[in-house]
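Below, each chain spelled out in residue letters.
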Amino acid sequence: MSERKRLKFESRRKARREMEKREREEIEGWIGGEESAGEMLSRVSSVRPFLFPPPLHRVPLRVGNVLELVGPSPSAKTHILIHAAITALLPKHYGGLDHFVLFLDLDCRFDIARFSQLLLHRITEDGTRHCDQTLYDLCMARFLYARCYDTFQFLHTLRTLHCRLEKEKQVHGVGVHLLLIDSIGAFHWMDRASMFLSQRENNKKKLFLQTVSEAVVQNIRKLLQVHPMLVIATKSVIFGNKYSTSSNELKGNMEERCSRNVTRNHQTFQYREYMPSVWQSFVTHRILVRSSDDHPVATNYQNSSFYLLEWLLPRLNFADKIVVKDAGVFLDS
């Protein structure tokens, strides 16, 4: 066994021993009655599943889960993220979860004005309730935001998040339980171009897609061990035609292995899975969002967009139709 492999094996074994030790101490502390009521409530709230309103209501989600929202651009993926963020921020008597939220903007297109508008809609219940400015300020203070312009900034942000989250927890007494990433594949094609450019220029500092994804997943895993959170990440994809043989035959078997087929109402939608396998195996839940051709002609649906939302992991045998209005995202019943 090489020295590098031996060190890696020893590091993993040490981390496993530390985790087992912490779990044993927690169990012994619980048996010995050393846990306070506040610690018990904090532990139970972190284990209890997130009860999101539609359209994320079909499957219970818990801290440690990684939900991927897949769909073309645009397909309301960012709106669904904002909808989940506002639900997490609001107190429980407003139908919220009373949590802090961390939003990592890799797409660099986050609209804070739209976020503020949707938050006000939820607080006032579309004008039927008085606007509580104190509650609005509290929710905005609970919303933590970071923007990254390339992979290196993203990795640096992940490595330094522990200090920031720890500081927020000390100040407010509450930790972050929801991590939103928009979008996880934002830098993939730039990194791929940089990889080929570095190979041509014989640059010593080469960028490998698999290595980058491994570093991203590793840093998120480390963060979740210290700060248990639910992760929801968007990913933009391009649908293709499965039966377009003139173009697909030229692309080879590799792309066939990297593509995913989704069948709905006798229609087959195919999108290429471009993220490395280390990220794909990290994802525990996956939702496909795509535009809907069935648009009602009713007057109350003017200036609205319609989409179909389907759970791919775990597989559910139906799709929800959602509508995006000025007031937010709703199920089209």
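Residues numbered from 1 in each chain as written. Predicted model: local features only at pLDDT ≥ 70, side-chain atom pairs only at ≥ 80, totals over all residues. Heavy atoms only, no water.

Caption draft 1: The arrangement of the overall build of the chain in detail. Helices and strands together make up the secondary structure of the chain, namely 11 helices and 12 strands. Scored against the burial criterion, the 333 residues of the chain give a buried share of 43%. Across the chain, every contact between residues at least 6 apart in sequence was considered, and the portion connecting residues at least 24 apart equals 70%. For the chain, the exposed area adds up to about 19200 Å²; of that, 52% sits on carbon and sulfur atoms. (Helix = DSSP H or I, 4+ residues; strand = E, 2+ residues; numbered from the N terminus. Buried < 20%, exposed > 50% of the residue type's maximum accessible area, 1.4 Å probe, protein only. Contact = heavy atoms within 4.5 Å. Areas by Shrake-Rupley, 256 points an atom, 1.4 Å probe, with all protein chains shown as cover.)

Caption draft 2: View of helix H5 (residues 133-142). Within H5, the full set of buried residues consists of Leu 135, Tyr 136, Cys 139 and Arg 142. Projected down its long axis, H5 shows its buried positions confined to an angular sector of 130°, all on one face. In the core, the buried residues of H5 are packed alongside helix H3 (77-89), strand S2 (100-105), helix H4 (112-124) and strand S3 (143-147). The distance from a side-chain oxygen at the start of H5 to the backbone nitrogen of Thr 134 is 3.1 Å, and the residue carrying that oxygen is Asp 132. (Arc of directions from axis to C-beta. Polar contact = N/O pair within 3.5 Å; in protein donor to acceptor, adjacent residues only side chain to side chain.)

Caption draft 3: Region of interest: the packing of helix H6 (residues 151-172) against helix H8 (residues 209-226). Between H6 and H8, whose axes approach to 10 Å, the crossing angle comes to 10°. One element, H6, and the other, H8, form an angle in the roughly parallel class. In contact with Thr 151, Phe 154, Leu 155, Leu 158, Arg 159, Leu 161, His 162 and Leu 165 of H6, H8 contributes Val 212, Ala 215, Val 216, Asn 219, Ile 220, Leu 223 and Val 226. Residues of the contact of H6 with H8, tallied by class, amount to 11 nonpolar, three polar and one charged. (Axes fitted to C-alpha atoms, helices over the stretch in contact; angles between N-to-C directions. Parallel < 35°, antiparallel > 145°, perpendicular 65-115°, else oblique. Nonpolar A, V, L, I, M, F, W, Y, C, P; charged D, E, K, R; others polar.)

Caption draft 4: Focus on the confidence of the model for the chain. Summary statistics for the chain give a mean pLDDT of 81 and a share of 74% for residues scoring 70 or more. A low-confidence stretch, residues 241-258 (pLDDT under 50), is modelled with 14 contacts involving residues beyond four sequence positions or located in other chains. (pLDDT = per-residue confidence, 0-100.)

Caption draft 5: Layout of the environment of Tyr 307. Relative to the helices and strands, Tyr 307 resides in strand S10 (residues 305-313). Classification of Tyr 307 as buried rests on a relative accessible area of 11%. Discounting residues that sit within four places of it in the chain, Tyr 307 has contacts with Pro 74, Ser 75, Ala 76, Val 289, Arg 290, Ser 291, Ser 292, Asp 320, Lys 321, Ile 322 and Val 324.

Caption draft 6: Spotlight on unusual backbone geometry. Here the bond from Pro 54 into Pro 55 is cis, since omega is 15°, no more than 30 degrees from zero. Looking at where Pro 55 falls in the secondary structure, it is placed in the loop between helix H2 (37-47) and strand S1 (66-71). Following Asp 182, the chain continues to Ser 183 via a peptide bond in cis, the omega torsion being -5°. Within the secondary structure layout, Ser 183 lies in the loop between strand S4 (176-182) and helix H7 (188-200). One non-glycine residue, Cys 108, lies in the positive phi region at around 60°. Mapped onto the secondary structure, Cys 108 falls in the loop between S2 and H4. When its relative accessible area of 24% is taken as the criterion, Cys 108 is described as partly exposed.

Caption draft 7: Structural view of the packing of H4 against H5. At a minimum axis separation of 11 Å, H4 and H5 run at an interaxial angle of 135°. When the axis of H4 is compared with that of H5, the two are oblique. Relative to H5, H4 is oriented so that their crossing is right-handed. Judged by residue contacts, Ile 112, Phe 115, Ser 116, Leu 119, Leu 120 and Ile 123 of H4 engage Leu 135, Tyr 136, Cys 139 and Met 140 from H5. (Left-handed = near helix turned anticlockwise from the far one by under 90°.)

Caption draft 8: Spatial organisation of the pairing of S1. Burial runs high along S1: six of the six residues are buried. Here S1 shows no split at all, with Val 66, Glu 68 and Val 70 on one side and Leu 67, Leu 69 and Gly 71 on the other all buried. Alignment of S1 against strand S5 (residues 230-236), held across six bridges, turns out to be parallel. Among the inter-strand pairings, Leu 69 is bridged to a residue of S5, identified as Thr 234. Of the strand pairs in this sheet, S1 and strand S9 (residues 285-291) are connected by four bridges, and their pairing is parallel. For Glu 68, the partnering residue across the bridge sits in S9 and is Arg 286. (Pairing = 2+ DSSP bridges.)

Caption draft 9: Spotlight on H8. Spanning 18 residues, H8 covers 26 Å between terminal C-alpha atoms, matching the ideal 26 Å at 1.5 Å per step. Looking at H8, one finds that the buried residues are Leu 209, Val 212, Ser 213, Ala 215, Val 216, Val 217, Asn 219, Ile 220, Leu 223 and Leu 224. (Expected span 1.5 Å × (residues − 1).)

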